[in-house]
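Each chain, written out:
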Amino acid sequence: MQQFAQNLGPVSAVIGAQWGDEGKGKVIDILAEYFDVIARASGGANAGHTIVVNGKKHVFHLLPAGSLRAGKPVVLGAAMVIHLPTLLEEIKMLGDAGINIVPQLHIAPAAHIVFDYHNEIDAALEKQRVEERGQGIGTTKRGIGPAYMDKAARSGLRMESLQWSDDVLQKEIALRVKEASSLYGISGDAKAEWSNVKQAKDLLKDRVARNTAALMHSFLKGKQTILIEGAQATLLDLDHGTYPYVTSSNTTAAGALQGLGLPPRTLTSCIGVAKSYCTRVGSGTFLTEADEASQQRLRDRGGEFGATTGRPRRCGWMHIPDLKYAAMINGFDCWNITKLDVLDTEEEIFVGVGENADGKVLYERLPGWKSSTEGVRSSEKLPLNAQNFIQFIEKNTGIPVRLIGTGQAREDMILRSS
Ligand code: GDP
Ligand code: IMO
Ligand code: MG
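Residues numbered from 1 in each chain as written. Chains lettered and ligands numbered in written order. Predicted model: local features only at pLDDT ≥ 70, side-chain atom pairs only at ≥ 80, totals over all residues. Heavy atoms only, no water.

Taken together, 20 residues form the shell around ligand 2, and within it Lys 24, His 49, Thr 140, Gln 232 and Thr 247 come nearest. His 49 has a polar side-chain atom sitting 2.7 Å from an oxygen atom of ligand 2. Contacts to ligand 2 include Arg 311, whose side-chain N or O atom sits 3.1 Å from an oxygen atom. Within the complex, the protein chains bury 98% of what would otherwise be the 550 Å² of accessible surface of ligand 2. Per-class residue counts for the shell around ligand 2 are 7 nonpolar, 10 polar and 3 charged. (Near = heavy atom within 4 Å. Polar contact = N/O pair within 3.5 Å; in protein donor to acceptor, adjacent residues only side chain to side chain. Areas by Shrake-Rupley, 256 points an atom, 1.4 Å probe, with all protein chains shown as cover. Nonpolar A, V, L, I, M, F, W, Y, C, P; charged D, E, K, R; others polar.)

As structure tokens, then:
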């Protein structure tokens, strides 16, 4: 793995190819061992990245999963929207695991703060969509859209405000809560918002002092290697995803570089992460969504319930045109195909390969392997039909599969030679 990581070059990004929850956190946790700096660029606590180390589960929403590799600088980029109580909880969770992340943490002063009133607006907008149109976006209700609305309207509060005086900051918060209440009819609670911010300010005031773009460049100059953890995924991208059923940030490799202030040409590699099947939480098109019985099987075997909201994820099959699209947008060098073991009991593996003239999905039906791949650590030890499935993905996307997930644990990852 060390050699593989080294070959990724000094700046590598891990980006989801589907609608999120592909298993980005797990590969980041593995690769982080071999990188000097770990960064997250965009999105907020709508993300949920679960990793399992020594049988213990850790769920990250804002900090990158690589934070568990103690002692490395961790950067939260300018395109992020940060809910402070959630960040404090995560810092505490790491503290309980024996890691004091605070001295290592660098938060972009330009990242925006997500307030509880943003969550309230998120819920109110969703309610209205359901009432007026019969269907919402199915957001995580983490205030993401409204926080980016404030950012685009240039009325948001940014992390740099943690350096302001208590008086000024408290006043600015109260003004915003008042505005939000009159615009959206939400109740809002300026006192509670201030109390949350004050707590964060006491702990993190010094962690928002440095321009993180300049910091990233100083890392580059010092020949330190940087691993970027993508959040959400390509088909949820605001510009290139399945709009309007997307998130409000840029989830691609380009979006990650933008969020961190890194020039496009500094990226030396990009790993695309795709599940062996496919899931989606929330509304919107899902061409390869499976029949009820197959969904149930995949959901049960894959534990497909949202890490952030607990919602059951919609389940279906891998869709080659989507993978090719994601590879095109991001410039993937290789795939990490995850959760192969979830397909162990399938008679047949369906893979969407295109559409007919009526827009009906055409499937390739590959024979299943009907034996356990859980915990398999080398590609040659995979059943022949599983090897064929991997080769099928490679051949049809034109991109090599270098990593294959065979279980939840950190060790359950095959490194496949090119
Ligand atoms: P992320 O948002 O892309 O980081 O993915 P999530 O963490 O939301 O969802 C992936 C889930 O699958 C997590 O519960 C992981 O522990 C689990 N997982 C990741 N890779 C594998 C794998 O190869 N096999 C199995 N069975 N589970 C995996
Ligand atoms: P990770 O990083 C899966 C989805 C929501 C909803 C849409 C908009 O764990 O892969 P939002 O709250 O962002 O306004 O919701 O985007 N969504 C995700 N789905 N994984 C995620 O993150 C997601 N982040 C947002 O379910 O459909
Ligand atoms: Mg997730």
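Before going further, it helps to examine the side chain of Ser 276. By the secondary structure assignment, Ser 276 is in the loop between strand 9 (269-275) and strand 10 (277-280). A polar contact is formed between the side chain of Ser 276 and the backbone oxygen of Thr 338, at a distance of 2.6 Å. In terms of polar contacts, Ser 276 uses its side chain to reach the backbone amide nitrogen of Leu 340, at 3.3 Å. (Helix = DSSP H or I, 4+ residues; strand = E, 2+ residues; numbered from the N terminus.)

To continue, consider the site of ligand 1. Around ligand 1 there are 17 residues in total, and Gly 23, Lys 24, Gly 48, Thr 50 and Asp 341 lie nearest to it. Taking Asp 21, its side chain carries an N or O atom lying 2.9 Å from an oxygen atom of ligand 1. For ligand 1, an oxygen atom lies 3.3 Å from a polar atom in the backbone of Gly 405. Elements that contribute at least two residues to the shell around ligand 1 include exactly helix 2 (24-32) and strand 3 (49-53). With 3 residues, the single largest contributor to the shell around ligand 1 is helix 2. Considering only residue class, the shell around ligand 1 consists of 1 nonpolar, 9 polar and 7 charged.

Before going further, it helps to examine the coordination of the magnesium ion (ligand 3). Every protein donor of the magnesium ion (ligand 3) is listed here as Asp 21 (OD) and Gly 48 (O), and their distances to the metal cover 2.0 to 2.1 Å. One end of the pair, Asp 21, is in the loop between strand 1 (11-16) and helix 2; the other, Gly 48, is in the loop between strand 2 (37-43) and strand 3, with 27 residues separating them in the sequence. (Donors = N, O, S within 2.8 Å, 3.2 Å for Na, K, Ca; no water.)

Let us now look at unusual backbone geometry. In the segment running from Tyr 243 into Pro 244, the intervening peptide bond is cis, with an omega of 5°. Relative to the helices and strands, Pro 244 resides in the loop between strand 8 (226-229) and helix 9 (253-260).

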